[in-house]
Amino acid sequence: MNPIALLLLALSMSTDAFAVAIGKGASLKKPRFPEALRMGLIFGSIEAATPLIGWLIGRVAASYVSAWGHWIAFAVLVGLGAHMISEGLSPDKKQTQTPTRHSFLKIALAAFGTSIDAMAVGVSLAFVEVNIFLAAGLIGLATTAMVTVGVMLGRVLGSLFGQRAEVIGGLTLIAVGGWIVTGNL
């Protein structure tokens, strides 16, 4: 696989994480760059690990990951999105209760949901001539950068939409889940 193809692969694997990051950033109370970078590193690490896992699974479970991976991602993202919408619509939620950071578990679950496709890509990379560590590293770096920028962009959107930002973030997660399912059927 040539360097341009690897770069395009890395960027394409990070686009769904970028969309989720905008929603996550919008649901936070004025996230700062260190928090955006933290989220970027968590997403990027998971996004880099999943193609390695997929590559290791390779021929043994290729049909399982290909057939069910998009449904797993859909379920995780819809569940997280529904939770965010519920939190955003909660009548007793006050503006001062907006979190300044998301828990590691929430970030990791969202990252896992957006990285199932990278696992499937890893499975397919097991059958072509490619340095899997370089590919996974590029995917991780692209995702880290895209998520960090997405969170900061979400900060601006969160200021504009206020308490409803969490609802928008939840809808974004559900939309990304729907996009993954329709793009893989």
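A brief look at the structure comes next. In this text, all values refer to a predicted model and were calculated from it rather than measured experimentally.

Structural notes on the packing of helix 2 (residues 33-57) against helix 4 (residues 104-125)
At their nearest, the axes of helix 2 and helix 4 sit 6 Å apart, and the two run at 35° to each other. The handedness of the crossing between helix 2 and helix 4 is right-handed. A per-class count over the contact of helix 2 with helix 4 returns 18 nonpolar, five polar and four charged.

Topic: the side chain of Glu47
Take Glu47: it is sitting in helix 2. As a buried residue without a salt bridge, Glu47 has its nearest oppositely charged side chain in Lys24, at a separation of 14 Å. Once you skip the residues sitting within four places of it in the chain, Glu47 turns out to touch Met13, Ala111, Thr114, Ser115, Asp117, Ala118, Ile139 and Thr143.

What to know about helix 4
End to end, helix 4 covers 29 Å across 22 residues, agreeing with the expected 32 Å (1.5 Å per residue, within 8%). At Ser115, helix 4 is deflected by roughly 40°, the largest bend along its length.

Considerations on the environment of Arg155
Note on placement: Arg155 falls in helix 5 (residues 132-161). Residues Arg155 and Gly23, spaced 132 residues apart in sequence, show a C-alpha to C-alpha distance of 9.0 Å.

Considerations on the side chain of Thr114
Topologically, Thr114 is positioned in helix 4. Reaching out from Thr114, the side chain makes a polar contact with the backbone oxygen of Ala111 at a distance of 3.1 Å. The contacts of Thr114, once residues within four sequence positions are left out, are Asp16, Ala17, Val20, Phe43, Glu47 and Leu77.

Observations regarding the nonpolar core
Soluble globular proteins: nonpolar side chains tend toward being buried together. Grouped together as the largest cluster of nonpolar side chains are 18 residues, with contacts concentrated most on Met39, Phe43, Val147 and Val151. The element best represented in this core is helix 2, accounting for five residues. The residues contacting Phe43, other than those within four sequence positions of it, are Ala17, Val20, Ile107, Ala110, Ala111, Thr114, Thr143 and Val147.

Re the pattern of salt bridges
Under the defined criterion, the tally for this structure stands at one salt bridge. Across the pair Arg38 and Glu35 runs a salt bridge, and its minimum N-O distance is 2.9 Å. One end of the pair is Arg38 and the other is Glu35, both in helix 2 and three residues apart, which spans about a single turn. Across the pair, Glu35 and Arg38 agree in class, each one buried.

Re the packing of helix 1 (residues 3-26) against helix 4
At a minimum axis distance of 10 Å, the contact between helix 1 and helix 4 shows a crossing angle of 165°. As summarised for this structure, helix 1 and helix 4 are arranged roughly antiparallel, according to the angle between their axes. Handedness of the crossing formed by helix 1 with helix 4: right-handed. For the pair helix 1 and helix 4, contact is made by Leu9, Met13, Asp16, Ala17, Val20 and Lys24 and by Lys106, Ala110, Thr114, Asp117, Ala118, Val121 and Leu125, respectively. Across the contact of helix 1 with helix 4, the residue classes tally to eight nonpolar, one polar and four charged.

Here is what the cut-offs are and how they apply
- Residues numbered from 1 in each chain as written.
- Predicted model: local features only at pLDDT ≥ 70, side-chain atom pairs only at ≥ 80, totals over all residues.
- Heavy atoms only, no water.
- Axes fitted to C-alpha atoms, helices over the stretch in contact; angles between N-to-C directions.
- Helix = DSSP H or I, 4+ residues; strand = E, 2+ residues; numbered from the N terminus.
- Left-handed = near helix turned anticlockwise from the far one by under 90°.
- Nonpolar A, V, L, I, M, F, W, Y, C, P; charged D, E, K, R; others polar.
- Buried < 20%, exposed > 50% of the residue type's maximum accessible area, 1.4 Å probe, protein only.
- Lys, Arg positive; Asp, Glu negative; His and termini not counted.
- Salt bridge = Lys/Arg side-chain N within 4 Å of Asp/Glu carboxyl O.
- Contact = heavy atoms within 4.5 Å.
- Expected span 1.5 Å × (residues − 1).
- Bend = angle between axes of the 7 residues up to and from the residue.
- Polar contact = N/O pair within 3.5 Å; in protein donor to acceptor, adjacent residues only side chain to side chain.
- Core = buried A, V, L, I, M, F, W, Y, C linked by side-chain atoms within 4.5 Å.
- Parallel < 35°, antiparallel > 145°, perpendicular 65-115°, else oblique.

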